[in-house]
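Topology and contacts: notes
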Amino acid sequence: MAATECTPADEAVFAAGSRDSRIVAAVPMAGTLSTDWFTPDAYASVDIPIMTLTGTDDPINQQAQWDRISGIDYTWIDIVGACHQAFALGGCGELRDADADLIINSYTLTFGRRWVLGDMREETTNVLSGRTQVSLAALFLKKN
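To start, this report covers the structure provided alongside it. (Residues numbered from 1 in each chain as written. Predicted model: local features only at pLDDT ≥ 70, side-chain atom pairs only at ≥ 80, totals over all residues. Heavy atoms only, no water.)

Brief notes about the nonpolar core
Counting residues in each nonpolar core, the largest one holds 20 residues, and the members touching the most others are M51, L53, I77, I79, F87, I103 and Y107. Sorting the residues of this core by element identifies β1 (50–55), β2 (74–79), α3 (97–115) and α4 (122–129) as the ones contributing at least two each. Examining the composition of this core, we find that five residues originate from one element, α3, more than from any other. Those residues in contact with L53, other than ones at most four positions away along the chain, are V27, P28, M29, A30, I77, I79, F87, I104 and T108. The next biggest cluster of nonpolar side chains, apart from the first, holds eight residues, and it includes Y43, W66, I69 and W76. (Core = buried A, V, L, I, M, F, W, Y, C linked by side-chain atoms within 4.5 Å. Buried < 20%, exposed > 50% of the residue type's maximum accessible area, 1.4 Å probe, protein only. Helix = DSSP H or I, 4+ residues; strand = E, 2+ residues; numbered from the N terminus. Contact = heavy atoms within 4.5 Å.)

Here it is as structure tokens:
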């Protein structure tokens, strides 16, 4: 199928947006901001908190992503020794699956408690601010 340009009606649909108010936060894992489909600053329209989890043994250019992002509520957890499969099947060499699972589950479930359930307890906010360290293998960075 040949590529076609957007019609004015297509552009109007995109301009109107497709924001779903039920989505209150997002946790992308083992991924990076692609510029294949979007402009380098397309992330700037994000209006919900984002926590991304990556692994140091999964070279997806996560540092460049961190450097590029500004102006949004953005937390980056980079797990030392985690490969791409740490977020699915496990088996990342020196990183035990149980250790990866502990880090991933602790941060994502705490993030969910905060943004989905409105949990503002000190235990929750301390993890999400970096005051409480979940693991020495979890590198915590935050922007907002």
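After presenting the structure, the write-up continues.
Considerations on α3
Compared with an ideal rise of 1.5 Å per residue, which puts 19 residues at 27 Å, α3 spans 27 Å between its outermost C-alpha atoms and is within 8% of the ideal. Along α3, the residues that are buried comprise A100, I103, I104, Y107, T108, T110, F111 and R114. Along the axis of α3, the buried positions cluster into a sector of 160°, meaning they face one direction only. Taken together, the buried residues of α3 touch β1, β2, α4 and β3 (138–143). (Expected span 1.5 Å × (residues − 1). Arc of directions from axis to C-beta.)

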